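# Secondary and tertiary structure notes
The chain contents come next:
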Amino acid sequence: MIFDPPILALLLTSGITAAVWLAAAGFAVRLLRHWDIRSGSGRQIRLERQTYLVATALKIVMVAQMAALALFVHNADRMAILFTGAMCALGTLNVNEWGMPAFLAQMGMFLAAAIWLLVNRADEMGRDYPHTRAKYALLLAFAPLALAAAALQWLYFLNLDPNVITSCCSKLFTPEGAGVQADLSAMDPRAALALLFGGSGLLAALAAWPRAGRWPRVAAGILAALYFTGAVAAIISAVAPYVYETPNHHCPFCLLKPQYGFIGYLLYLPLFVATALLLGTGLLAALGTPASLRDAQPAFMRRVGCIAAILYVSFAAVALYAIMRSHLILIG
Amino acid sequence: MRRWLGRQLHLVDFTLGALMRRKGRNFMLLTVYTLVIFMLASVMFLGSALRHEAATALKGAPEVTVQNMVMGRHALSPPEWVERLSRIRGARNVHGRLWGYFYDQANGANYTLMVPPPHARDIAVREGETVIGASVARLREVHRTGYLFLLSPAGKLFRLKVARTLPHRSELLSADLVLLSEKDFRTFFNLKPRDGFTDIALAVRNSNEVPTVVNKITRILPGARVITREDVLRTYENVFSWREGIVLAMLAAALVAFAIFAFDKASGLSAEERREIGILKAVGWETSDIIAMKLWEGGIVSAFALVFGVAAAYAHVFLLDAGLLAPVLKGWAVLYPDFSLTPVIDRMQLLTLAFVTVVPFTVATLVPVWKAAITDPDIVMR
């Protein structure tokens, strides 16, 4: 099964990412031990020069990783035809025990990459590399995730067996069933929609608030993380049935299919990016504003916040459009 | 944001100028890069076009086929099975199919002899007549006599009047097809009605019910083999994806060679380029600007190579019928259907292609780019 072009591309990307990350982690350890911006020693100059290489390599692999999430999901959906019982990406991911963890790790990598890129961007704005230590500490913290994501992907693809009969999404995402998927689909539609629209409105307002200080930004970051799970649950329990126009089908992956106009991508992409942006600005706010970025960093966070607010509003708008267009009456 | 965009635009502008100043060198890189993408894209396009053809061809196939198995081998299905299967709720159009293979000693080709299904009125055949595929017609030159002569396995010569030849557009399915009436078929292979059928086909009213119907069939006829259309489609998907992947994996050597080539090209900066970087740094460019410029250089070359490579592969596969790759991916036979592929390209193929070419290229050129960027201006300009 591994000899499939998209799988080869994904394995190649995850292999390169893991290798670059590992090399960068080694550099990060050296940097955290010896970095001293006030020093003019040869070692410091070498470290400063190497940060250009490491940061550029990381930027490239992280952008590739973020695109790889789309390829991973799209590929899982396409492969559903190869497995008995699979109707969409979910069936493919359930072919072996590594599929779901690999997907979650890939999703984690998307968020981690976005957060790191944001901190890196802020760091590059300052003349004295103000966030360099924090940025490489963050890189070290994410290193286990990067390695786990690559390892899980290899395990998943190497153990794909076309003879396995997998479970279809309509079996897993039923409120009557057991497990996380069943819990996610069992939410009351009224509460789910209140959470979805109320939450996105609140977060959009918080993100776009121009005078937000340090702690409101940190709070927005934490809220964004919480809202992310809430919004996914709301999509599963309320928005998905509206899209499928049947009260019993809750699958979050079937939304990505062409017969539903790829609406899943329009829903998930703004949600993912907005969450990543607020997590990033939350982290930046928690790190504090260095003297060299007294004006630049708050302005940067405001800009990012505005983008996040637009994305939250568009997420809610797409959800509203799906509901308005539907012939299903779930509430009332 | 606008400042950032403006900066990138200026960088692109400068990079394009720099690329044009070193036309010869960049043209060579672009040619090799395009060639690599052309090879990979050709394999992928051909693979997916073949999968698409298989899927389209199978649209008309019966949802479920039941075969009798004796000692693990495919055997004739007893006629009473048709009656038993017709009683399954949800199953409709149950009919026994008669088909078989015939090796023609005259030219070493294998034909598929078949009785058209009862509901296919447009290809119904009268006794003593036949409807044949275009390849069979070509091979046996039937246009000269208007008759097809076949020597039956029992050694009897059969003379069948060719009523018509099947259209060329169905050649993928009908290249080796010889359609006969049931009576002629049974006489040709010396089969009596009580011997039964080659297999039994049935349709299912609601496609979601296929697994249920299959379960019922296995309960009624425990020894039978039940094949669904999905099974066949899955097998085709697997076979073509696998063939495509194997060829791609073999091309990995070419990809590695290309990465080394790109690394080498990026490392060997000319004295003029070094001086250029030195001057840029001396006039205030930062290391990150030089890296960004060099990455733009790689990006522009990649974009052009992708466009040219994909366009060339498209022409190769869909206009020239993939002359370079067809034997590996299609397979071969004496009576091979001559068919044109329907152009199908999906976004995922292009994304995959970008992943397997642009990412390794960019990573391979990164270290040389960085080395060039960190050089002190006074060293290079001295």
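Cut-offs and rules
Residues numbered from 1 in each chain as written. Chains lettered and ligands numbered in written order. Predicted model: local features only at pLDDT ≥ 70, side-chain atom pairs only at ≥ 80, totals over all residues. Heavy atoms only, no water. Helix = DSSP H or I, 4+ residues; strand = E, 2+ residues; numbered from the N terminus. Rg over C-alpha atoms; globule rule 2.2 N^0.38 Å. Buried < 20%, exposed > 50% of the residue type's maximum accessible area, 1.4 Å probe, protein only. Contact = heavy atoms within 4.5 Å. Areas by Shrake-Rupley, 256 points an atom, 1.4 Å probe, with all protein chains shown as cover. Lys, Arg positive; Asp, Glu negative; His and termini not counted. Charge placed at Lys NZ, Arg CZ, Asp CG, Glu CD. Phe/Tyr/Trp six-rings, centres within 6.5 Å; stacked < 30°, edge-to-face > 60°. Lys NZ or Arg CZ within 6 Å of the ring centre and 35° of its normal. Domains from an automatic or database assignment. Pairing = 2+ DSSP bridges. Axes fitted to C-alpha atoms, helices over the stretch in contact; angles between N-to-C directions. Patch = residues over 30% accessible without salt bridge, like charges linked within 9 Å, V, L, I, M, F, W, Y side chains within 5 Å. Salt bridge = Lys/Arg side-chain N within 4 Å of Asp/Glu carboxyl O. Expected span 1.5 Å × (residues − 1). Bend = angle between axes of the 7 residues up to and from the residue.

### Notes on the overall build of chain B
Tallying secondary structure elements over chain B gives 13 helices and eleven strands in all. Since a compact globule built from 382 residues should have a radius of gyration of about 21 Å, the 31 Å found for chain B marks it as more spread out than a globular shape. With respect to the three principal axes, the spread of C-alpha positions in chain B is 100 × 50 × 40 Å. Here chain B holds 382 residues, and the buried ones make up 47% of them. Considering only contacts within chain B whose residues lie at least 6 apart along the sequence, 80% involve residues at least 24 apart. Total accessible area computed for chain B in this model is approximately 19800 Å², and 61% of it derives from carbon and sulfur atoms. Computed over 45 positive and 33 negative side-chain charges, the separation of the two mean positions in chain B equals 3 Å.

### Comments concerning the packing of aromatic side chains
The tally for this structure, following the rule as stated, stands at 26 aromatic pairs over all chains. Ring plane angle 65 degrees and centroid distance 4.8 Å describe the contact between Tyr244(A) and Tyr260(A), whose orientation is recorded as edge-to-face. Taken together, the residues span a long stretch of sequence, with Tyr244(A) in helix α9 (residues 214–244) and Tyr260(A) in the loop between α9 and α10 (263–287) at a distance of 16 residues. Here Tyr244(A) falls in the buried class, since its relative accessible area comes to 8%. Look at Phe102(B) and Phe188(B): their rings are 5.2 Å apart centre to centre, the planes differ by 80 degrees, and that puts the pair in the edge-to-face class. Here Phe102(B) is found in strand β4 (residues 99–104), whereas its partner Phe188(B) is found in helix α6 (residues 182–189), with 86 residues between them in sequence. Exposure remark for Phe102(B): the relative accessible area of 8% places this residue in the buried category. Here the aromatic residues Phe102(B), Tyr111(B), Phe158(B), Phe185(B), Phe188(B) and Phe189(B) are joined through ring pairs into a cluster of three or more. If you follow Arg21(B) out to its NZ or CZ, it ends over the ring of Phe14(B), 5.8 Å from the centre. Lying across the ring of Tyr147(B), Arg159(B) places its NZ or CZ 4.2 Å from the centre.

### Focus: the domain arrangement of chain B
Considered domain by domain, chain B is made up of domain 1 (2–58 + 235–381) and domain 2 (64–231). Taking the mean C-alpha position of each, domain 1 of chain B and domain 2 of chain B sit 48 Å from one another.

### Some thoughts on the sheet that holds strand β5 (residues 109–114) of chain B
Residue and element names in this part refer to chain B. Pairing is mixed across the open sheet formed by six strands, whose spatial order is β4-β5-β9-β6-β8-β7. Two strands close off the open sheet at either side, each with one partner strand: β4 and β7 (147–151). Shown here is a sheet whose adjacent strand axes are inclined to one another by a mean of 35 degrees, direction ignored.

### A few points about a nonpolar patch on the surface
Residue and element names in this part refer to chain A. The grouping of Leu202, Ile222, Leu223 and Leu226 at the surface amounts to a nonpolar patch, some 380 Å² of accessible area in total. Looking at which element gives the most residues to the nonpolar patch, the answer is α9, with three residues. Position of Leu226 relative to the elements: it lies in helix α9.

### Focus on α9(A)
All names here are of chain A. With 31 residues, α9 extends 42 Å between its outermost C-alpha atoms, agreeing within 8% with the 45 Å of an ideal straight helix rising 1.5 Å per residue. Along α9, the helix axis deviates most sharply at Ile235, where the bend reaches about 45 degrees. Remark: Glu245 follows α9 within two positions and exhibits a positive phi of approximately 60 degrees.

### Some points on the environment of Tyr268(A)
All names here are of chain A. Of note, Tyr268 is situated in helix α10. Here Tyr268 falls in the buried class, since its relative accessible area comes to 14%. Along the chain, Tyr268 and Leu255 lie 13 residues apart, while their C-alpha atoms are 9.7 Å from each other.

### Here's the deal with the pairing of strand β1 (residues 64–70) of chain B
Residues and elements named next belong to chain B. The buried fraction of β1 amounts to five of the seven residues, a majority that puts the element mostly inside the structure. By the bridge criterion, three bridges tie β1 to strand β10 (residues 199–204) in an arrangement that is antiparallel. Residue pairing across strands places Val64 opposite Leu202, the latter belonging to β10. Across four bridges, β1 lies against strand β11 (residues 225–228) in antiparallel orientation. Bridging from a neighbouring strand, Val66 pairs with Val226 of β11.

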